[in-house]
Amino acid sequence: MPFALPALPRPAVVFLVACIAASCKGDESVAPAPDVCASGGASLTSLAIYQGATVRGADLQCIRLSSAGEYIVIPQMLGTELPYAYQPFLIGDPRVPITGQGASSSFSIRDDAAHTPSAQQHLHTFLRTRESALARTSHMDARVARSADVPRASAYAPTVAPAAHRDFSVLSSLTEPPRFARVSAGLRFGGKNVLLYVDDRSAATYSDAELTSLGTLFDDVLYPVDRDAFGAESDIDGNGRIVVLFTPTVNALVAAADCASSGFATGFFYGFDLASAAPESNRGEIFYAMVPDPGATYSCPHSRSDVATLLPSTFVHEFQHMISYGHHVITRSQAPEDAWLNEGLSHLAEELGALAFEARYPAPAGRARPAQIFPDSAEPFIIGNLINSYRFLRFSEQYTVTSCAPGTFCATPERGGAWLFLRWLADATRDPRLFDKLVHSDLRGTRNVAAVAGKSFGDLFADFATATWADSLIGSPRASTAPTHRFASRNLRQLYSALFEAYGPLGGIPLRYPVEPLQLAAEDRMKSAMRPGSLQTFHVRASGTRAQFALSFTSGTGAPFSPSADAQLSILRIPPR
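Note that this is a predicted model, so its numbers are computed, not measured.

Draft legend 1. Representation of helix H2 (residues 208-230). Look at H2: 31 Å from first C-alpha to last across 23 residues, which is about the 33 Å you get at 1.5 Å a residue. Bending of H2 peaks at approximately 35° at the position of tyrosine 223, with proline proline 224 no more than four residues after it. Once H2 finishes, glycine 231 follows within two positions and takes phi at roughly 100°, a positive value.

So this is what it looks like as structure tokens:
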């Protein structure tokens, strides 16, 4: 295998077919529009090979393309006011009717029926939902000891010495109202950035040497990864550091009987500790971590090596949430960052953790096998993003980058899509302070991204959509496509091919590359559907019987999209196949 991977949880990805909004049968009610190209539209007949364009507005009614070419066509609807639901659309030659014959004239939404929220995702949803409500309703405690806007190069000067032993109030249920448990813990590691406390009930779990090793990793490697990228956290308790509390109360958030079906909780940050003056708030920056439990005393069993593998990536993920909450809610007294961007940045923090070890161990160092893409130490930080983004691209019309499934803090494929978009954005802008700027903003969501990048979100998303197909094309130099139509720091085809080699179809990875364009003949017309903030990829091949052919992208009735849909079409000319 090109690189080592952990076992993919079962059940793996299952692909089902479900017809939606009559898109699985002919729709004779949509009449052809033979004169739609008579008075306007967009002419893209002169596009060169690997040259792209984005079409919007009235031009979507008629786009003229050369019949000598082949094209990748990617429709998108970005309207933030659209509901989280499938939006029907028509694509193809506007001069022909929709028929029920052949795959090119009917389409079924593909579904990933095996996806259910994991325990960690359920925990995220619970915490982030309560944090948003808290930001709206609570009066922030005025005693903020430090601003979250302390320059990144400076260090906090502690004003409060850490206690050798102290009590904590720890979330112990995911019910409404939540319950808290009183935990007593001792200080086992005091670094310049991180303090490690261990619950008295688990005091014997770690030796001092093991905690020193883990504390040094957090203090010297992982803490700087987040702080350098996203800026300084708040310091409302005045101790100049963040606290990591190892407690079996985290393990016990998920019953042992549920671990097999939903997984387990590894750790979390809770903004309640920053924004609330309630007795249960610890009034400080705390990351709560699971503990080894080989005897399954508190929940399902976990060895020391399991915890050592899982916790570092959870730490950098949750630390980003801590920094973001401090900036948006504590410093600016605003709402937290939009869920999709907040979660995407935390998954980006995981990749930054991987990059730290990739830089430390250039190939072939640090690898169990020299052919591995990633060093062993980097893989736990990156593998989840690769699997999640694969599933996003495989079902890109179903999962959205810019919003979350109702009742969730984003499904895992949606998180994968957000991570992939931010990875592309960092490569495209080449701005080393991109993530810091996104966190230090008075804006949220797509408006935040557009303001920081200096381009409309529609332009950014159109280029990203093209890059999901055009990156690292096999048989073509990377320079064949425009810089904005590829990923500078990652080779997507290499990464997903390695994923395929490791898991294969039986493990839920059915293709070497997850984007499988739908085939659309130039003289055909198809009805389909997708959610807002998603994308869908088509391969359009002309017959060559005409000098040019027409393509349109309209609502499901054949009428133009309303302005609120923010509909657009990315088109890339490709070599004949």
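Next comes the rest of the description.
Draft legend 2. Broad picture of the sheet that holds strand E10 (residues 194-199). Pairing is mixed in the open sheet, where six strands are placed in the order E8-E9-E10-E11-E13-E12. The sheet terminates laterally at strand E8 (165-171) and strand E12 (267-268), the two strands that pair on one side only. Alignment of E12 against strand E13 (residues 286-289), held across two bridges, turns out to be antiparallel. Bridge pairing links glycine 267 to alanine 289 in E13. Against the sheet, H2 touches strand E9 (180-190), E10 and strand E11 (242-246), its axis set at about 145° to E10. Along the sheet, helix H6 (residues 304-331) makes contact with E10, E11, E12 and E13, crossing E13 at roughly 150°.

Draft legend 3. Representation of the confidence of the model for the protein in the model. Taken over all residues, the pLDDT of the protein has a mean of 87, while the share at 70 or more is 86%. With pLDDT under 50 throughout, residues 1-28 is counted as low confidence; its partners more than four residues away or in other chains account for 79 contacts. This model gives residues 139-155 a pLDDT under 50, and the stretch forms 45 contacts once residues within four places in sequence are excluded.

Draft legend 4. Quick look at the sheet that holds strand E6 (residues 87-92). Strand order across the open sheet formed by five strands is E2-E4-E17-E6-E15, with mixed pairing between neighbours. Both edges of this open sheet fall to strand E2 (42-43) and strand E15 (525-530), since each of them pairs with a single strand only. Here E2 pairs with strand E4 (residues 63-66) via two bridges, running parallel. When the bridges of E4 are listed, serine 43 appears paired with arginine 64.

Draft legend 5. Spatial organisation of the state of the cysteines. Per the counting criterion, the structure on display carries two disulfides. The disulfide that involves cysteine 259 links it to cysteine 300, with 2.2 Å between the sulfurs. The S-S bond linking cysteine 259 to cysteine 300 shows a torsion near -70°; that makes this disulfide left-handed. Taken together, the positions of cysteine 259 in helix H4 (residues 259-262) and cysteine 300 in the loop between E13 and H6 put the pair 41 residues apart, joining distant regions of the chain. The class of cysteine 300 is buried, set by a relative accessible area of 10%. Each sulfur of the disulfide joining cysteine 404 and cysteine 410 lies 1.8 Å from the other. Handedness of the cysteine 404-cysteine 410 disulfide follows from its S-S torsion of about -40°: it is left-handed. One exposure class covers both cysteine 404 and cysteine 410, and it is buried.

What counts, and at which threshold
- Residues numbered from 1 in each chain as written.
- Predicted model: local features only at pLDDT ≥ 70, side-chain atom pairs only at ≥ 80, totals over all residues.
- Heavy atoms only, no water.
- Helix = DSSP H or I, 4+ residues; strand = E, 2+ residues; numbered from the N terminus.
- Expected span 1.5 Å × (residues − 1).
- Bend = angle between axes of the 7 residues up to and from the residue.
- Pairing = 2+ DSSP bridges.
- Contact = heavy atoms within 4.5 Å.
- Axes fitted to C-alpha atoms, helices over the stretch in contact; angles between N-to-C directions.
- pLDDT = per-residue confidence, 0-100.
- Disulfide = S-S within 2.5 Å.
- Buried < 20%, exposed > 50% of the residue type's maximum accessible area, 1.4 Å probe, protein only.

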